[in-house]
Amino acid sequence: MINIGDIEKFSIVDWPSKISVVVFLQGCPWRCPFCYNQSLQNFNAEGNASWDNLLHLLEHRKGVVDAVVFSGGEPLMQPDLDGAMDTVKQMGFEVGMHTGGYDPHALEKVISKISWVGFDIKAPFDVAKYKAATGGFGDVEKIKQSLNILLRSGVHFECRTTCDPRVLNIDDIYMIADTLSKIGVKEYYLQKYRPIPSDTVTQESDCEKFFKEEKLMAFLKSKFPIFDVRK
């Protein structure tokens, strides 16, 4: 059905206000330098769980868990994602998704099945900057199309950016926020970068600098009805 890398059996953070089972799907088209889920990048890699494992778990989570969040990797790579979502909904669970929006056609196919989306904005909508943040993906028009699909759908969604100081600077955050605000995004979060094991250079002060910039924080609060930081 779908290629599952792993399953988080109980989460209260992957969908705000919902108790969720999180399904980490195998495969991602991007190679973000700050990725903590590198084991999920290869679509064909053998995961630690299966579709049958998920169904068995959900049968025993009815009445305890509100929702299933499809995460990754990148869920939109899965050809049978819509069927998996249908099955989960038929079992009585709401459906959420984490995505970078790389494939608007795949998003359009499943958007009617979803109640909430966490949308990762990697960089300003500039080809070179997006390539640097994703390890080579520069088709920012696809990201914009995916955002427009979400905005038209009326589905509750948030946008968030991981502030990797090796990739982004403070001016980049201003640019991202200005663009998102102008197209109608209402909910935005900045996420603190925590150095991956191979990053032996980045210091705590580098990671904190975004959040200590008072003018930036004030700007973001003025741009979005809902804004916060996640550390």
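Residues numbered from 1 in each chain as written. Predicted model: local features only at pLDDT ≥ 70, side-chain atom pairs only at ≥ 80, totals over all residues. Heavy atoms only, no water.

Considerations on the nonpolar core
One finds Phe70, Ile173, Leu180, Tyr188 and Leu220 to be the most contacted residues of the largest nonpolar core, which totals 70 residues. Counting residues in each nonpolar core, the second largest holds 7 residues, with Trp15, Val22, Leu40 and Ala67 among its members. (Core = buried A, V, L, I, M, F, W, Y, C linked by side-chain atoms within 4.5 Å. Buried < 20%, exposed > 50% of the residue type's maximum accessible area, 1.4 Å probe, protein only.)

A few points about the environment of Gly101
Turning to its location among the elements, Gly101 is positioned in the loop between strand E4 (94-99) and helix H3 (104-110). For Gly101, a relative accessible area of 0% translates into the label buried. Sequence separation between Gly101 and Gln145 is 44 residues, and the spatial gap between their C-alpha atoms is 8.4 Å. In contact with Gly101, not counting residues within four places along its chain, are Glu74, Leu76, Phe119, Lys142, Ile143 and Ser146. (Helix = DSSP H or I, 4+ residues; strand = E, 2+ residues; numbered from the N terminus. Contact = heavy atoms within 4.5 Å.)

Notes on the sheet that holds E4
Spatially, the 8 strands line up as an open sheet ordered E1-E2-E3-E4-E5-E6-E7-E8, and their pairing is mixed. Each of the sheet's edge strands pairs with one partner strand only, and the pair in question is strand E1 (4-11) and strand E8 (226-230). On average, adjacent strands in this sheet sit at an angle of 20° to one another, irrespective of strand direction. Relative to strand E5 (residues 116-120), E4 runs parallel, the two sharing 4 bridges. Across the sheet, Thr99 pairs through a bridge with Phe119, a residue of E5. Lying on the sheet, helix H1 (residues 51-59) is in contact with E1, strand E2 (20-25) and strand E3 (67-71); it crosses E1 at an angle near 15°. Packing against the sheet, helix H5 (residues 140-153) makes contact with E5 and strand E6 (156-163), and its axis sits at approximately 155° to E5. (Pairing = 2+ DSSP bridges. Axes fitted to C-alpha atoms, helices over the stretch in contact; angles between N-to-C directions.)

Brief notes about unusual backbone geometry
A cis geometry characterises the amide bond from Gly72 onward to Gly73, with omega recorded as 10°. The backbone of Ser17 shows a phi angle near 80°, a positive value even though the residue is not glycine. Topologically, Ser17 is positioned in the loop between E1 and E2.

Considering helix H6 (residues 170-183)
Under the 1.5 Å per step criterion, the end-to-end length of H6 is 21 Å for 14 residues, consistent within 8% with the ideal 20 Å. The complete set of buried residues in H6 reads Ile170, Asp172, Ile173, Ile176, Ala177 and Leu180. The buried residues of H6 occupy an angular sector of 150° when projected down its axis, which confines them to one face. For H6, the exposed residues set more than 90 degrees away from the buried face come down to Asp171 and Lys182. In this fold, the buried residues of H6 make contact with helix H4 (127-134), H5, E6, strand E7 (187-192), helix H7 (204-212) and helix H8 (214-223). Of the residues that open H6, the one with a side-chain oxygen 3.1 Å from the backbone nitrogen of Asp171 is Asn169. Of the residues trailing H6, Gly184 is marked for its positive phi of about 110°. (Expected span 1.5 Å × (residues − 1). Arc of directions from axis to C-beta. Polar contact = N/O pair within 3.5 Å; in protein donor to acceptor, adjacent residues only side chain to side chain.)

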